[in-house]
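# Geometric and topological summary
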Amino acid sequence: MPATVIVGLQWGDEGKGKTTDFLAPQVAMVVRYQGGDNAGHTVVTGTEVFKLQLVPSGVLYPHITSVIGNGVVVNPATLISELDMLISRGIDVSRVRVSRSAHVTMPYHVALDRGNEDRLADSRVGTTGRGIGPTYGDRAWRVGLRVEDLEDRNRLRERLERVLPERNLLLGAMGIPPFEIEPLVELAAGWGDRLKAHMDDSTWLVQDAIARGDHVLFEGAQGTLLDLDHGSYPFVTSSNPVAGGACTGGGLGPLQVDEVIGVMKAYSTRVGSGPFPTELEDEIGKGIAARGHEFGTVTGRPRRVGWFDTVPLRYAVAVNSISSIVLNKLDILSGIKTVRLCVAYEVDGRRVETWPSSGAALERATPIYEDFPGWDEPIHDVRTLSDLPENARRYLTALEGHAGVPIVFVSVGPERTQTIERAWRPLRNRSAVPTIERPGTPAR
Ligand code: GDP
Ligand code: IMO
Ligand code: MG
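Residues numbered from 1 in each chain as written. Chains lettered and ligands numbered in written order. Predicted model: local features only at pLDDT ≥ 70, side-chain atom pairs only at ≥ 80, totals over all residues. Heavy atoms only, no water.

### As for the pattern of salt bridges
The test is simple: Salt bridge, as used here, is a side-chain nitrogen of Lys or Arg placed within 4 Å of a carboxyl oxygen of Asp or Glu. Secondary structure is summarised from DSSP: a helix means a run of H or I of at least four residues, a strand means a run of E of at least two, and numbering begins at the N terminus for each. For the exposure calls, accessible area comes from a 1.4 Å probe over protein chains only, and a residue counts as buried if that area is under 20% of its type's maximum, exposed if over 50%, partly exposed in between.
Taken as a whole and judged by the stated rule, the model has 29 salt bridges. The salt bridge involving Arg 303 is made with Asp 13; its shortest N-O contact spans 3.0 Å. With Arg 303 in the loop between helix 9 (283–291) and strand 13 (304–306) and Asp 13 in the loop between strand 1 (3–8) and helix 1 (16–23), the pair connects residues that are 290 residues apart, well separated along the chain. Take Asp 13: its relative accessible area is 21%, and that puts it in the partly exposed class.

Below, the structure written as structure tokens:
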């Protein structure tokens, strides 16, 4: 039962898109299991750049069935324009399936998200403004619209009559004009007409594929530190990017997961508000941001940049059952004299090596660093580990030691082929993941 989950180990934008695309030739199906059009996954093939928000990153391969699972919140306007973009660039989208149970982001969700952020002013979360929180909120309140509702005007009207009066009251209190039911019914029914051919029962698609022995890849959006339960609440997204989310949002059971691949980059970035202990506000940080093109794919906002932090890494490896790691963007660190790695925090005079569940403690954490001599050489053209500069290898070994699981790919550029493969055998022929020595158990 080859089912593999790909999950971000940091605050998103770790390079999940590139990783999914890289593994796609080996799989039959790629499933997105959470998030919505807040995600921005970039895939670079030769000179072409694809930026995907809702369609799974495997779509560029004609043999792959791309599934938008029940746990995703779908803004149909975004999905339709993404399908149009792909069609216009010669990509076959007939194998894109969208779950009938996925919830729909409506224009009033977007307005509520933006209105709420304005209201919060200085304490805003810094959301992508895509209506993600309000859509998941309505789902939990059982007043949401699902993709299947788009097929039936009467059901759309009935659903909107249940939810809209109250949402309009809230919008009114924020000084935002109300929405009317009939124009929304027409808009949503139009989306339904367009998406009808793509609607499906995603859980059975996944279960049938696994039963056939097809290899299914579950592509997470965002990252572990933005997880609603495991991130630094309230500065998180409204879904569960962790590997467990693939079960609830992708339609498989926990024992059906064979491998969980964690994706991380060689430094940290974060978009939006919230604690970020290793944040760099100096020239080194600006250099990394510039070389790494650290601007949000969805909003264009500059991403905050910092040194790599092993404290949340160890947490992310644990809560996701990470079995192997993909390290991206190692090339961006070339030219830095000393590369710093956060190995612990000091909180109120105490050394802390475990990720604090308290957001307040995290706000007070100052990083304790281990320094590594850097390397000057560009490494974009390196394809084997032994050709990496020695100092880059030392840094990589340290990261692996902290993670306690093997790094199986190292990425040295955005393009598909700019990847160092290591210890990689197709999952299905692999008896066990290679083990490496664990560092001492961190003190709590
Ligand atoms: P995702 O949200 O996790 O899919 O990541 P994004 O696509 O938002 O951000 C990652 C960015 O880094 C994209 O522009 C990728 O093309 C780029 N990228 C991925 N891996 C590498 C790498 O190893 N080196 C460089 N220079 N860029 C990379
Ligand atoms: P990918 O999949 C980075 C962040 C927002 C904000 C918080 C909540 O490309 O890695 P939301 O709009 O979800 O309610 O915003 O989450 N955020 C992301 N940051 N990458 C993403 O997606 C993100 N999706 C949401 O910046 O801090
Ligand atoms: Mg992204």
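### Quick word on the coordination of the magnesium ion (ligand 3)
Let me state the cut-off plainly: Note that water is not among the atoms considered, so a metal site may appear incomplete; the donors listed are N, O and S atoms within 2.8 Å of the metal, with 3.2 Å applied to Na, K and Ca.
At 2.0 to 2.2 Å from the magnesium ion (ligand 3) lie its protein donor atoms, namely Asp 13 (OD) and Gly 40 (O). In this pair, Asp 13 is assigned in the loop between strand 1 and helix 1 and Gly 40 in the loop between strand 2 (29–32) and strand 3 (41–45), connecting sequence segments 27 residues apart.

### Observations concerning the packing of helix 3 (residues 107–120) against helix 4 (residues 132–140)
Which entries qualify depends on this criterion: In this analysis an axis means a line fitted to C-alpha atoms, helices contributing only their contacting stretch, and an angle means the value between N-to-C directions, from 0 to 180 degrees. Angles are sorted into four bins: roughly parallel if under 35 degrees, roughly antiparallel if over 145, roughly perpendicular if 65 to 115, and oblique for all others. The hand of a helix crossing depends on one turn: near helix anticlockwise from the far one by less than a right angle means left-handed, and clockwise means right-handed. Note on definitions: a residue-residue contact is assigned when non-hydrogen atoms from the two residues lie within 4.5 Å. Following the grouping adopted for this structure description, the nonpolar residues are Ala, Val, Leu, Ile, Met, Phe, Trp, Tyr, Cys and Pro, the charged ones are Asp, Glu, Lys and Arg, and the polar ones are all others, Gly among them.
The geometry of helix 3 relative to helix 4 is characterised by a closest axis approach of 7 Å and an angle of 120° between their N-to-C directions. Accordingly, the angle class assigned to the pair helix 3 and helix 4 is oblique. Between helix 3 and helix 4 lies a crossing whose hand is right-handed. Contacts between helix 3 and helix 4 involve Tyr 108, His 109, Leu 112 and Asp 113 from the first element and Ile 132, Pro 134, Thr 135 and Asp 138 from the second. A per-class count over the contact of helix 3 with helix 4 returns 4 nonpolar, 2 polar and 2 charged.

### A short note on the domain arrangement of the protein chain
In plain terms, the rule: Where each domain starts and ends comes from a domain assignment, either automatic or drawn from a database. Take the accessible area each of two parts loses on contact, using a 1.4 Å probe, and add the two losses: that sum is the buried area. Whenever a nitrogen or oxygen atom comes within 3.5 Å of another N or O atom, the pair is scored as a polar contact, on the condition that within protein one atom can donate a hydrogen and the other can accept it, and that pairs from neighbouring residues in sequence are kept only if both atoms are in side chains.
Domain parsing of the protein chain yields domain 1 (3–92 + 201–421) and domain 2 (103–197). For domain 1 versus domain 2, the distance between C-alpha centres works out to 29 Å. Contacts between domain 1 and domain 2 engage 30 residues on the former and 21 residues on the latter. Overall, the association of domain 1 and domain 2 removes approximately 1900 Å² of surface from exposure, summing both partners, and the carbon and sulfur fraction of that is 58%. When the area that domain 1 buries against domain 2 is broken down by residue, the three leading residues are Val 73, Pro 76 and Ile 80, summing to 26%. A salt bridge links Arg 194 to Asp 84; the nearest nitrogen and oxygen atoms lie 2.9 Å apart. Taken together, the connections running from domain 1 to domain 2 amount to 8 residue pairs in polar contact (both at pLDDT 80 or more). Looking at the side of domain 1 that touches domain 2, the element that brings in the most residues is helix 2 (residues 76–88), giving 7 residues.

### Topic: the site of ligand 1
Cut-off, in case you're wondering: For each residue, the test is whether any non-hydrogen atom lies within 4 Å of the molecule or strand; if one does, the residue is near. Per-residue and other accessible areas were derived by the Shrake-Rupley procedure at a 1.4 Å probe size, with only the shown protein chains allowed to occlude residues.
Lys 16, Gly 17, Gly 40, Asp 331 and Ser 411 are the nearest of the 20 residues found near ligand 1. At 2.7 Å from an oxygen atom of ligand 1 is found a main-chain nitrogen or oxygen belonging to Lys 16. A distance of 3.3 Å is found between an oxygen atom of ligand 1 and a side-chain nitrogen or oxygen belonging to Thr 297. Bound to the protein, ligand 1 loses 92% of the 580 Å² it would expose on its own. Partitioning the shell around ligand 1 into residue classes produces 4 nonpolar, 9 polar and 7 charged.

### Points about the site of ligand 2
What surrounds ligand 2 is a group of 21 residues, the closest being Lys 16, His 41, Thr 128, Gln 222 and Thr 237. Note that an oxygen atom of ligand 2 is positioned 2.8 Å from one of the side-chain N or O atoms of His 41. Within the contact set of ligand 2, an oxygen atom lies 2.6 Å away from a side-chain nitrogen or oxygen of Thr 237. Relative to its unbound accessible area of 550 Å², ligand 2 is 97% covered by the protein chains. Taken together, the residues of the shell around ligand 2 break down into 8 nonpolar, 10 polar and 3 charged. Each of domain 1 (3–92 + 201–421) and domain 2 (103–197) contributes no fewer than three residues to the shell around ligand 2.

### Focus on helix 9
Looking only at helix 9, the buried set comprises Gly 285, Gly 287, Ile 288 and Ala 289. The secondary structure elements touched by the buried residues of helix 9 are strand 13. For helix 9, the N-terminal capping position is held by Asp 282, with its side-chain oxygen 3.2 Å away from the main-chain nitrogen of Ile 284. Phi turns positive one or two residues past the end of helix 9, at His 293, with a value near 50°.

### Here we look at the environment of Met 174
When you line up the elements, Met 174 lands in the loop between helix 5 (153–173) and helix 6 (181–195). Taking C-alpha positions, Met 174 is 29 Å from Gln 34, a pair spaced 140 residues apart along the chain. Discounting residues that sit within four places of it in the chain, Met 174 has contacts with Leu 112, Gly 115, Asn 116 and Arg 119.

### Brief notes about the packing of aromatic side chains
Where we set the bar: In this scheme Phe, Tyr and Trp rings, the latter by its six-membered ring, pair at centre separations within 6.5 Å, and the angle between planes marks the pair as stacked below 30 degrees, edge-to-face above 60, and tilted otherwise.
Under the criterion given, the structure shown has 6 aromatic pairs. An angle of 75° between the planes, with centres 5.0 Å apart, marks the rings of Phe 22 and Phe 409 as edge-to-face. Taken together, the positions of Phe 22 in helix 1 and Phe 409 in strand 19 (residues 407–411) put the pair 387 residues apart, joining distant regions of the chain. The pair Phe 22 / Phe 409 is uniform in exposure class, with both members buried. Measuring from centroid to centroid gives 6.3 Å for Tyr 108 and Phe 179, while their planes differ by 65°, and the two rings are edge-to-face. Placement of the pair is Tyr 108 in helix 3 and Phe 179 in the loop between helix 5 and helix 6, with a sequence separation of 71 residues. Judged by its relative accessible area of 0%, Tyr 108 falls in the buried class. Three or more aromatic residues link up through ring pairs in this structure, and these residues are Phe 372, Trp 375 and Tyr 395.

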